[in-house]
Amino acid sequence: MQDQEQFRREVRQWLQANCPESQRQPITAAEQYWGGRRGSFPSEDARLWYERMRDRGWIAPEWPIEYGGGGLSDQQARIIKDEMKRINARAPLYSIGLWMLGPALLEYGNEAQKQQHVRAIINAETRWAQGYSEPGAGSDLASLQCRAEDMGDHFLVNGSKIWTTSADKCDWIFCLVRTDPKVKKQEGISFLLIDMDTPGVSTSPIELISGESEFCQTFFDNVKVPRENLVGELNKGWSVAKALLVHERKLMAELGSDSPRKIVPPNEAARKYLEFRDGRIVDARLRLDLVEYNMQMHAIALTHFRGFEEKSAGVRSAAPLVMKYLGTEAEKTKSELLLAIMGSRGLGWEGDEFTPEERDTLRLWAMSKAMTIAGGSSEIQLNVIAKNVLGLPQAGGT
Amino acid sequence: MPLVLNEEQRLLRDTARDFLNSNAPVTALRKLRDERDPLGYDSQLWQQMAELGWAGITLPEEYGGLAFGFTGLGVVMEECGRTLAASPLFASVVVGASALLLGGSDDQKHELLPSIASGELTLALALEESHHHRPTHIATSAARAGEGFVLNGSKTFVLDGHSADKLIVVARTSGDEHSGDGISLFLLDRDAAGVHCTRTIMADSRNAANIRLDNVSVGSDGLIGTLDRGWEILEPVLDRGRVALAAEMMGCALEAFERTVAYLKERQQFGVPIGSFQALQHRAARMQADLELCRSVILQALGAVDETPEQLPILASLAKAKLNELVKLVSNEAVQMHGGIGVTDELEIGFFLKRARVTMQVFGDTGFHQDRYATLCGY
């Protein structure tokens, strides 16, 4: 405990001295640094902040030192996160590689793969896309059809992947591909790393209801992928995928509570847009909606904290398995609540008649609809809880 | 504040579970109900609980207590909720003893707390005056009479009111009828002259009473705390009660839920276990998610009693509101998912349903605590 307090003090001092003032403000999409060969720093301060964190080893504080991590314990990593949150520090690097692929590579990758890719993630040299879903394989992910034929020293990949986040800006993509079409569907899947500069790879963006087109579809036409890019064993990709999904869900569960964003918190919005009398919101229904939302978020925050304490204490519980469902549903509730609180001011799509915050709130409302679909829909999450926590028997299929 | 039980607390939980399963299963409550037991709990069981130290679990050692803190108490309350064990633990130890501990004089504490901790003496809080929890709406009067006071008024929903040895009466000594200012707390014998006590038979087959106070004389030594400033004691006492009751409700919900999940795996219809139907799986999974949230809220609120009392009001309201909704949902779903057998008296699920409804009204329903939480947050 004493050591931890000492460590916390050191972290606090270091952040105080090294995190530029401009990097302690809520962040917009345009201000995020995603790295990669085509990536550039949105500002000089963003560069400075990223480089200082990288040199300190705190881009991935709990990863092993030999691959560029900080070699710290989970508790110490948590302290760094807490202290960053305390001063509203921005994440120095936004990265699918950091959040999702890295942990899976550390667990399943071979030495050469770790040497090649883990450090490159931390050094922001490669930006990764995720190739899981296909037009015909969403919730039923294991039915995926993108083929990778075993040609000895390489695989020949044909098919397409959808919802590949920012794939048009990415350098590499990790994919689930079918390597054996003859066995039960989960058993013929492998996990492949594909350089997006390989001939035959192409990408086109998809426009969403939020007006953004962050997501893409990526096509593979006779793409040759060297055999050394196979992660884990042939036809055993499903276990790697499942491990990675756990990280994705954890990430999505925490999105609401961890990342400072340029969105008005509901309590502030209430003060700005609602009528108060004697210190109370006059609209009884909205007051009730607000308190229910706040109570839910309070309980969710305490449960995140409990999950972490249980992990440190080596206690198993069902808490982590319910967080993706709860966190993303709460985000959706928040967006609906904000729109209700803002009335017609919350409906501005574009133009200067609305403030940027108002327009962002509406765009985020539209985006929030995706949160309970991506990374395993809420319905899939409930299936998982029913099966893995409650041990209920499975209906037909899985 | 730790959100994981330590080894001592886990041991306490296991001991409590074993003890209650052998000595106070739901069949014991059924027996008390069917035999119309006049006391409403088993006094021998209460003596055994006291021997385990539960009657003094949160009290300091100088008064014969175990000083286990509220997290330890919560563990025991939760296990009591699992078997619906009827006992004076809540009314006497959590509420009554807390009032003395927080507001009593040294004399009152030394005289009464050791016999509460040994299980010999029981207390009850006479607070409510209407059918909704409005702790500052007190019309019961305490008028000066010589050295002491004379009390007049009516109290309702007094938990353990007909069985307790002494009552703590919330009365008005000044101020207007709806204000926290001017409230005082008085300690008196339940069989004092002018105290008319009628037991009320409630849904949960546990103890409550209506009490009429008819020119009841109390000496000046019967005042708990400072005259007119009883709210300063009452509010934290109610918050302790809310948090402890929330822990009991957690046990009640968990037990009803686990029995229901077991039934989903066992009951066959259309040739398969009904638990394989997604319509039921998703409802069960949502309850699991709610249970996880409530678990964290309760641990935080119990810890706050001993470690961060300044956070207690908001956490107590969070806990009580969340648990009110949890026990309502889970008890209703437990009946529905059991189907026809769920509405028979033979199945014990009905006892959980009924206990849930009573706990939901004790010390504030969901609306009361949502309003309080919103007010504490400044909207």
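Rules behind the numbers
- Residues numbered from 1 in each chain as written.
- Chains lettered and ligands numbered in written order.
- Predicted model: local features only at pLDDT ≥ 70, side-chain atom pairs only at ≥ 80, totals over all residues.
- Helix = DSSP H or I, 4+ residues; strand = E, 2+ residues; numbered from the N terminus.
- Rg over C-alpha atoms; globule rule 2.2 N^0.38 Å.
- Buried ≥ 20, exposed ≤ 12 C-beta atoms within 10 Å, placed from the backbone.
- Contact = placed C-beta atoms within 7 Å.
- Nonpolar A, V, L, I, M, F, W, Y, C, P; charged D, E, K, R; others polar.
- Domains from an automatic or database assignment.
- Expected span 1.5 Å × (residues − 1).
- Axes fitted to C-alpha atoms, helices over the stretch in contact; angles between N-to-C directions.
- Parallel < 35°, antiparallel > 145°, perpendicular 65-115°, else oblique.

(A) Layout of the overall build of chain B. On a plain count of helices and strands, chain B comes out with eleven helices and ten strands. Over its C-alpha trace chain B gives a radius of gyration of 21 Å, about what one expects of a compact globule, namely 21 Å for 379 residues. In terms of its C-alpha atoms, chain B occupies a principal-axis envelope of roughly 80 × 50 × 40 Å. Split into buried and exposed, the 379 residues of chain B put 53% on the buried side. Sequence separation of 24 or more characterises 74% of the internal contacts of chain B that already satisfy a separation of 6 or more.

(B) Examining the interface of chain A and chain B more closely. On the chain B side, the residues contacting the 37 residues of chain A number 33 residues. Going through the elements one at a time, helix H7 (266–273), strand S10 (280–281), helix H8 (284–313), helix H9 (319–342) and helix H11 (378–389) of chain A are the ones with two or more residues in the side of chain A that touches chain B. Broken down by element, the side of chain A that touches chain B gets its largest block of residues, 16 residues, from H8(A). Per-class residue counts for the side of chain A that touches chain B are 25 nonpolar, seven polar and five charged.

(C) View of the domain arrangement of chain A. Residue and element names in this part refer to chain A. The domains assigned to chain A are domain 1 (2–94), domain 2 (128–235) and domain 3 (263–389). For domain 2 versus domain 3, the distance between C-alpha centres works out to 32 Å. Opposite the five residues of domain 2 that make contact, domain 3 presents seven residues. Its residues assigned to classes, the side of domain 2 that touches domain 3 comprises two nonpolar, three polar and no charged.

(D) Representation of helix H4 (residues 69–83) of chain B in the model. Residues and elements named next belong to chain B. The end-to-end C-alpha distance of H4, which contains 15 residues, comes to 22 Å, matching closely the 21 Å that a straight helix rising 1.5 Å per residue would cover. Burial analysis of H4 places 14 of its 15 residues in the buried class, which makes it a mostly covered element. Backbone geometry just after H4 places leucine 84 at a positive phi near 55°.

(E) Structural detail: the domain arrangement of chain B. Residues and elements named next belong to chain B. Taken domain by domain, chain B holds domain 1 (7–121), domain 2 (124–229) and domain 3 (232–376). In this assembly, 19 residues from domain 1 lie in contact with 15 residues from domain 2. When residues of the side of domain 1 that touches domain 2 are traced back to their parent elements, those giving at least two are helix H2 (26–34) and helix H5 (89–103). No other element matches the eight residues that H5 contributes to the side of domain 1 that touches domain 2. Across the side of domain 1 that touches domain 2, the residue classes break down as twelve nonpolar, six polar and one charged.

(F) View of the environment of Arg242(B). Relative to the helices and strands, Arg242(B) resides in helix H7 (residues 231–266). Arg242(B) has contacts with Ala316(B), Ala319(B), Lys320(B), Phe363(B) and Gly364(B), leaving out every residue within four places of it along the chain.

(G) Main features of the packing of H8(A) against helix H11 (residues 366–376) of chain B. Remark: H8(A) packs on H11(B), axes separated minimally by 10 Å, with the N-to-C direction vectors making an angle of 85°. When the interaxial angle is binned, H8(A) and H11(B) end up roughly perpendicular. For the pair H8(A) and H11(B), contact is made by Arg287(A), Leu288(A), Val291(A) and Met295(A) and by Gln370(B), Tyr373(B) and Ala374(B), respectively. Of the residues that constitute the contact of H8(A) with H11(B), the class distribution is five nonpolar, one polar and one charged.

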